[in-house]
Amino acid sequence: MSPSSVPDYAFAAPFRVPAISPIRSLAVYANRPGTISMSGGYPATDLFDVEGLNAASAKVGARLSDCLQYSNIDGQASLRAQLARLSEERGIRCDPDTELAVTGGSQQSLALLARVMLQPGDAAVIESPCFPNSRQALHYTGATLYTAPSGPDGVDVDALEELVERVRPKLVSVVATFSNPCGATLSLERRRRLVELAARYRFLLVEDDPYGELRFEGETVPPLLALAEGDARHWVVYISSMSKTMAPALRIGWMIAPAEVRRRCVSAKASDDMASSAWIQEIVAQYVEDGRYHVHVPRIRASYAARADALARALSEELGDQLSFRKPQGGMFCWARLNGGIDSTRLLPYAIDHEVVYVPGKAFYIDPAQADMQAMRLSFATMNEEQIRTGIVRLRQALHACAEGKPATVALPA
């Protein structure tokens, strides 16, 4: 159908210009044979516990007829119980029947919370830079989206307080531990202030925690909900996921929210996908019950620690003072900055030519005028140490080619 013959559909305002993921748009280059991709936020496929998942699946398969019906909308009771236990290990006690609900990954949790809390005319806040899909979940409600500056130490709480006082948001979304893209972890002091602000200004504070289990250095800091006492408990929501610790294809996440918020999210989920797969939920519950989760997570932590070390060494030895970074203590990402006159967007076509791909920092900012053009996100999760070293050697070569003004064969959209 030619463009001139496409009907003039009356799309809803947030979808008139559909969002294109700046990260997924790089897949055509990242997936080229021989290319080393540091662009995706994917866990390492070589670390998936296939044996453990097969064992859990076999046990569930022996009672398969019980798992083929629709699930409870809020999730299978067996999985809610296991997730409540995992959450308690993180410092969060909850009632699995009234406060915890299973969702299709933490992304659906955020989308459901946004839908039940926000509408046109409301205000919401997200940190910047941030994961593009998170901001889209808030944007699609029609609410006005504001940003609070963030960085290697997490969201700037002073700036957030000034913004909250001015715009009075109904919802504030943060990633407090090993954020995407900055890899930042909020200090205990900043976390306490965030919780206090939520209680004082009566906004729902949503912590997205897909990476918290992946700490391999430093001291663990409690989730925000673990710090919320008394009235503050009514204003904090915790969401998490099995995507980064078990496998993304499971599409299993969960939220812990005040009962009345959770009840409305369950209602919204009913109109969304009816329920998450009972079969998959039972496999995940069996996997955790069998103790495989608690064996598997330390194994991937150790592997990610070695890969983060390899990245830090390679960046220091190959690029030296041409690039600044903070060594990750967990998660999957390193936020780095070029120190010269070349920005990361200008460098990217040269990197692609040299068969290495990263995500320029500007992809994570809502307002291009606020973007840190020198920044880039490097993921270390999916490669072994040798591949990481090779990738950074290629990045150094690309930087030299760019500095010398050599032509690049790849032309990327502005």
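Residues numbered from 1 in each chain as written. Predicted model: local features only at pLDDT ≥ 70, side-chain atom pairs only at ≥ 80, totals over all residues. Heavy atoms only, no water.

**Details of unusual backbone geometry**
Link 1 in the chain: Cis rather than trans, the peptide bond between S128 and P129 has omega equal to 10 degrees.
Link 2 in the chain: Omega for the peptide link from N180 to P181 comes to 20 degrees, which places this bond in the cis form.
Link 3 in the chain: In this model, R202 sits at a positive phi of 60 degrees, which is unusual for a non-glycine residue.
Link 4 in the chain: Position of R202 relative to the elements: it lies in the loop between α7 (188–201) and β6 (204–209).
Link 5 in the chain: Residue R202 is classed as partly exposed on the basis of its relative accessible area, which comes to 42%. (Helix = DSSP H or I, 4+ residues; strand = E, 2+ residues; numbered from the N terminus. Buried < 20%, exposed > 50% of the residue type's maximum accessible area, 1.4 Å probe, protein only.)

**What about the sheet that holds strand β10 (residues 333–338)?**
Link 1 in the chain: Reading across the sheet, the four strands line up as β9-β10-β13-β12 and stay open at both edges, with antiparallel pairing between neighbours. A strand with exactly one partner marks an edge of an open sheet, and here the two such strands are β9 (323–325) and β12 (359–360).
Link 2 in the chain: Relative to β10, β9 runs antiparallel, the two being bridged by three bridges. Directly across from F325, in β10, lies its bridge partner A336. (Pairing = 2+ DSSP bridges.)

**Some details on the packing of helix α11 (residues 292–319) against helix α13 (residues 385–403)**
Link 1 in the chain: Two numbers describe how α11 lies on α13: the axes approach to 9 Å, and their chain directions differ by 30 degrees. Classified by the angle their axes make, α11 and α13 are roughly parallel. Our pair here, α11 against α13, has a crossing hand that is right-handed. Of the residues in α13, those in contact with A306, R307, A310, L311, R313, A314, L315, E317, E318 and L319 of α11 are E385, I388, R389, I392, V393, L395, R396 and L399.
Link 2 in the chain: Taken together, the residues of the contact of α11 with α13 break down into 11 nonpolar, no polar and seven charged. (Axes fitted to C-alpha atoms, helices over the stretch in contact; angles between N-to-C directions. Parallel < 35°, antiparallel > 145°, perpendicular 65-115°, else oblique. Left-handed = near helix turned anticlockwise from the far one by under 90°. Contact = heavy atoms within 4.5 Å. Nonpolar A, V, L, I, M, F, W, Y, C, P; charged D, E, K, R; others polar.)

**Remarks on the side chain of S243**
Link 1 in the chain: The topology assignment puts S243 in the loop between β7 (236–241) and β8 (253–256).
Link 2 in the chain: When its relative accessible area of 6% is taken as the criterion, S243 is described as buried.
Link 3 in the chain: Of the polar contacts made by the side chain of S243, one reaches the side chain of R251; its length is 3.0 Å.
Link 4 in the chain: Dropping the residues within four chain positions of it, S243 is found in contact with P43, P248, R251 and I252. (Polar contact = N/O pair within 3.5 Å; in protein donor to acceptor, adjacent residues only side chain to side chain.)

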